[in-house]
Structure formats: C-alpha cells, structure tokens
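So the chains spell out like this:
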Amino acid sequence: MTDRLTPEQRHAVMAAIHGKGTKPEVIVRRFLWHRGYRYRLNHKFLPGKPDVVLRKYRTCIFVNGCFWHGHEGCKLYSVPKTNTEFWQKKVQRNKERDAEVLKQITEMGWHSIVIWECQLKPNCRETTLQYLDYTLNLFFLRDQHRVVDYEIGEGYVTEAAEDIMPFE
Ligand SMILES: [Zn+2]
C-alpha cells in the first residue's frame, strides 16, 4: 500500500488512531473548563492515563471510543466482517484492561466516569454534559460527607490518609 497522504494528513490520521486530542475529549474538556473545573490531562500517576483528572473531585474521566472500547449494544461498535476474530480479540483485551483500570481507581478511593463517544453526538451531548456536571457535584458532596464520618470514627482516620497520600 503506497502512502499518498501529506505529512499533515498523516498526522491527523495518526492522531485519530491514537486517540490523542480527538474531538470527543475536546468537547468534554471545553465544557469542564467553561464550567470552571480545573483539571489535568493523562496524569501519569493514575492507572490507565485518564483523559481528564479532577483532583478536587477525586475523579478520573475516560472518554471512550465506542469501537476500540467495545461499547455493547452501540451502533458505533460493530465488528468488521473481515478479520472478525482478530478485532473481537483486540476489543476484548481493551475491555478487560478498561475494567482493570476502573477497579484500581476505585481501590484508591477515587471515582471514575466513562463517557462514550456516542453520548457526545449533537443530539444527546447537552444531556450527557449536564449529567457529568451533576455527577461531579454529587461525588464532591458525598466525599465531603465521608471526611466528616472519618473524623468521628478513629479507626478510619488512617484509611483516609492512605487514600490521599499516593497523589500528593
Ligand atoms: Zn457508543
């Protein structure tokens, strides 16, 4: 196969394949920024290099492409007719890795939110983003409440400290 792309086109294609700075993530980041959320990108100390890390909310956000991450029951996830087994295995591995990453984040006492590419399509984007905003505030309020609980029960104090330390 000959390569007929200009360097710029090739860069765009590679960026799309590797999922860096692709549109769905940009939509989420732009929304959060305008709502006054401040975040980090692809934080290297957190499992799975989350797309957005909101420290104050102890939350990692993953913006998942429906095909690569195997969004069940989604129109954007249909296994190609050729090399079917190859693609199925590949997507299955991604799904297993995703599940492991979410488990690790939970074990650290952090929250994670997965937003699917299809949930950011123009017809449902607004609802998805409003729900994201709502969920983040819910997490924040719950965590505030939890800190109060820890102060009451002596045995929990160290546990709360362990949660926070790896990220300081
Ligand atoms: Zn989907």
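To be clear, the structure that these remarks concern was listed above.
These lines cover the structure that appears in this document, whether it is placed above or below.

### Structural notes on the nonpolar core
Thought 1: Among the nonpolar cores identified, the biggest contains 19 residues, and V52, V53, L54, C60, I61 and I115 are the most heavily contacted of them.
Thought 2: Secondary structure elements with two or more residues in this core: β1 (52-54), β2 (59-64), β3 (111-116) and α4 (125-152).
Thought 3: For this core, the leading source of residues is β2, giving four residues.
Thought 4: Beyond its immediate chain neighbours, meaning those up to four positions away, V53 contacts Y39, R40, H43, L46 and C60.

### Describing the environment of T106
Thought 1: For T106, the position within the fold is in helix α3 (residues 84-107).
Thought 2: C-alpha separation for the pair T106 and T59, spaced 47 residues apart in sequence, amounts to 9.8 Å.

### Quick word on α3
Thought 1: Between its first and last C-alpha, α3 extends 35 Å over 24 residues, near the 34 Å set by a 1.5 Å rise per residue.
Thought 2: The element α3 is barely covered by neighbouring structure, given that only one of its 24 residues are classed as buried.
Thought 3: Among the residues trailing α3, G109 stands out with phi positive, at a value near 80°.

### Some remarks on the pairing of β3
Thought 1: With six bridges joining them, β2 and β3 adopt parallel strand pairing. Each bridged residue has a counterpart across the sheet, and for I61 the counterpart in β3 is I113.
Thought 2: Viewed along the sheet, the connection from β2 through α3 into β3 turns out right-handed.

Quick notes on the rules
- Residues numbered from 1 in each chain as written.
- Predicted model: local features only at pLDDT ≥ 70, side-chain atom pairs only at ≥ 80, totals over all residues.
- Core = buried A, V, L, I, M, F, W, Y, C linked by C-beta atoms within 7 Å.
- Buried ≥ 20, exposed ≤ 12 C-beta atoms within 10 Å, placed from the backbone.
- Helix = DSSP H or I, 4+ residues; strand = E, 2+ residues; numbered from the N terminus.
- Contact = placed C-beta atoms within 7 Å.
- Expected span 1.5 Å × (residues − 1).
- Pairing = 2+ DSSP bridges.
- Right-handed = clockwise from strand over helix to strand, strands pointing away.

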